[in-house]
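Residues per chain are reported as follows:
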Amino acid sequence: DVKVTQSSRYLVKRTGEKVFLECVQDMDHENMFWYRQDPGLGLRLIYFSYDVKMKEKGDIPEGYSVSREKKERFSLILESASTNQTSMYLCASSFLWSSVHNEQFFGPGTRLTVL
Amino acid sequence: GENVEQHPSTLSVQEGDSAVIKCTYSDSASNYFPWYKQELGKRPQLIIDIRSNVGEKKDQRIAVTLNKTAKHFSLHITETQPEDSAVYFCAASIGPNYGQNFVFGPGTRLSVLP
């Protein structure tokens, strides 16, 4: 059974703090993704990675960076947290390419509040 | 880039009735269209998907139809039950060679009333 885990379910930080959100998957997936989920806006892609040390910007990368040093781990970094980054953050993973298995598997999410 | 619209944003139906959620996409090169269900407080999970070479796919009470010419696809849930209450997201793959990168619609909150 695919397992995608995230380091925290709830996180409260102050404006200006550096924030690390971590995601780990155990299915040897090449692709990993970070999404932000806000009511009425769906899931918006922040960054994704298709290989170790590779990263690609998604639709809303401003204010975020990522790190992928190991295949199973993908970190999202908020260099200087701001109140407009208060949101639910979802990590996901999938195979790079498969004629059968295209599904993205999601983690449980981290609800981040920036005060 | 790809843009996915989804309607309605909220939908209430009586238990046993059918529910239909519609999505449109803009990139004619998209070739994979998944639907995810997110129950309250839980992670999104895939419930059904369809590829561009298929017009319809069914799995028990849920079905998805795809009209490539019009660039729209729909989710149909028959004989709705209270456990179908959730937020549903449609998505479209980006480009012909990136089947795993999706653009999601804004979601539909479905409430099934007993």
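See above for the structure.
Read on for a plain summary of the structure.

Rules behind the numbers
Residues numbered from 1 in each chain as written. Chains lettered and ligands numbered in written order. Predicted model: local features only at pLDDT ≥ 70, side-chain atom pairs only at ≥ 80, totals over all residues. Heavy atoms only, no water. Disulfide = S-S within 2.5 Å. Helix = DSSP H or I, 4+ residues; strand = E, 2+ residues; numbered from the N terminus. Buried < 20%, exposed > 50% of the residue type's maximum accessible area, 1.4 Å probe, protein only. Contact = heavy atoms within 4.5 Å. Buried area = accessible area lost by both parts, 1.4 Å probe. Polar contact = N/O pair within 3.5 Å; in protein donor to acceptor, adjacent residues only side chain to side chain. Nonpolar A, V, L, I, M, F, W, Y, C, P; charged D, E, K, R; others polar.

**A look at the state of the cysteines**
Reasoning step 1: Going through the model one piece at a time under the given rule, you end up with 2 disulfides over all chains.
Reasoning step 2: What pairs with A:Cys23 in a disulfide is A:Cys91, and their sulfur atoms sit 1.8 Å apart. Because the sign of the S-S torsion sets the handedness, a value of about -75° for the bond joining A:Cys23 and A:Cys91 places this disulfide among the left-handed ones. Here A:Cys91 lies in strand S9 (residues 87–94) and A:Cys23 lies in strand S3 (residues 19–25), a separation of 68 residues in the sequence. For the pair shown, A:Cys23 and A:Cys91 are each scored as buried.
Reasoning step 3: The side chain of B:Cys23 participates in a disulfide bridge whose partner is B:Cys90; the two sulfur atoms lie 2.0 Å from each other. Residues B:Cys23 and B:Cys90 are joined through a disulfide that is left-handed, its torsion about the S-S bond being -100°. On the criterion of sequence distance, the pair formed by B:Cys23 in strand S3 (residues 19–25) and B:Cys90 in strand S9 (residues 86–93) is long-range, its members being 67 residues apart.
Reasoning step 4: Judged by relative accessible area, which is 0%, B:Cys23 ranks as buried.

**Quick word on the interface of chain B and chain A**
Reasoning step 1: Contacts between the two partners involve 16 residues from chain B, matched on the other side by 27 residues from chain A.
Reasoning step 2: A buried area of about 1,700 Å², summed over both sides, lies between chain B and chain A, and 48% of it is on carbon and sulfur atoms.
Reasoning step 3: The tally of links between chain B and chain A comes to 4 residue pairs in polar contact (both at pLDDT 80 or more).
Reasoning step 4: Going through the elements one at a time, strand S4 (32–38), strand S5 (45–51) and strand S10 (102–104) of chain B are the ones with two or more residues in the side of chain B that touches chain A.
Reasoning step 5: Top element by residues in the side of chain B that touches chain A is S4(B). It accounts for 3 residues.
Reasoning step 6: Residue classes in the side of chain B that touches chain A are distributed as 8 nonpolar, 6 polar and 2 charged.

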